[in-house]
Amino acid sequence: MNAVPNVIDAHGHLGRWHAFAIPDGSADSLVAMMDRCGVAAACVSHLLAVGPDARAGNALLLEALDAHPGRLLGYAVHNPHDPEAAPRLRDLLDAPGVIGVKLHPDVHEIALDDPAYTPAFEAAADRGRIVLAHSQHRSAWNDARHFLAVAPRHPTVPLLMGHSGFTPHGYGPAADVATSCPNLVLETCSSRMTARHLARFVAEVGADRIAFGSDAVFLDLRIGLGRVLLADLTDKDKEQILHGTMDRLLKGVTGAD
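1. Quick notes on the layout of surface pockets
Approximately 380 Å³ is the volume attributed to the largest pocket. For the largest pocket, the lining is made up of 22 residues, of which His134, His163, Phe166, Asp215 and Phe218 are closest to its centre. Every element with two or more residues in the lining of the largest pocket is listed here: strand E1 (7-14), helix H2 (47-50) and helix H5 (105-108). Per-class residue counts for the lining of the largest pocket are ten nonpolar, eight polar and four charged.

Given below as structure tokens:
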């Protein structure tokens, strides 16, 4: 299969992480790699915001979106420990290029279905935005059961299950949740996911419930893209995963215009 035009990466990052080797976490470097791979747009959060400083990291995200309009789309990180997080998030969701909210319950050590995240889901619903939440099998904070609990509470919010359970043991439960929750979408980035696992997802939930994600700059964008392009799937299914699903989710998101 030839390269698919208009690829949208649903899950990427900017910046650096204290426990992971990232040679270059700059927006310029990521966009240069996107150009090499034929990726039209990447939806990113800033790692500083995911980690120690959501306010400063979200500010850096806005700078990157302004520098690369249309190429980088943003997830504003919601830190439930910040008492001013809810009003700040609503302001961020009105900023150009911001298309959603990033939640990382494992970092914040608050379960995804805890009421502490309700303001983030409500803001996403009010603004017509996407929520991307980290998932990890058997985590106390964001296992598949937490997605199963929270997705039906906010049926109008597209909920991306980042990493789709993270490990092969988690892929089955992730598919089960997607089958039960029509607003939940699986996402492909994981160093442990193979083309075989991806084909299983398509067979169980359908390509229209799966979005391509690379986890750049944590992981190499080329590897994530190759996993989809080389999978034993029809061209139609590959196109759906690489851009069709995110095209649908981004419709009506004014920050993506």
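2. Overview of the pattern of salt bridges
Applying the stated criterion across every chain yields a total of nine salt bridges. Across the pair Arg127 and Asp94 runs a salt bridge whose closest N-O atoms are separated by 2.9 Å. Of this pair, Arg127 sits in helix H6 (residues 118-127) while Asp94 sits in the loop between helix H4 (85-93) and strand E4 (98-103); the two residues are 33 residues apart in sequence, bridging distant segments of the chain. Given a relative accessible area of 26%, Arg127 falls into the partly exposed group. One continuous salt-bridge network, built from bridges that share partners, spans Arg55, Asp82, Glu84 and Arg88.

3. A word on the side chain of His108
Within the secondary structure, His108 sits in helix H5. Overall, His108 belongs to the buried group, its relative accessible area being 5%. Not counting the four nearest positions on each side in its chain, His108 is found in contact with Val50, Val77, His78, Asn79, Pro80, His81 and Tyr117.

Basis of the calculations
Residues numbered from 1 in each chain as written. Predicted model: local features only at pLDDT ≥ 70, side-chain atom pairs only at ≥ 80, totals over all residues. Heavy atoms only, no water. 1 Å grid on protein atoms, 1.4 Å probe; cavity = no way out; pocket = protein on both sides within 12 Å on 5 of 7 lines; lining within 4 Å. Points joined across faces, edges and corners; volume = space filled by probe spheres on them. Helix = DSSP H or I, 4+ residues; strand = E, 2+ residues; numbered from the N terminus. Nonpolar A, V, L, I, M, F, W, Y, C, P; charged D, E, K, R; others polar. Salt bridge = Lys/Arg side-chain N within 4 Å of Asp/Glu carboxyl O. Buried < 20%, exposed > 50% of the residue type's maximum accessible area, 1.4 Å probe, protein only. Contact = heavy atoms within 4.5 Å.

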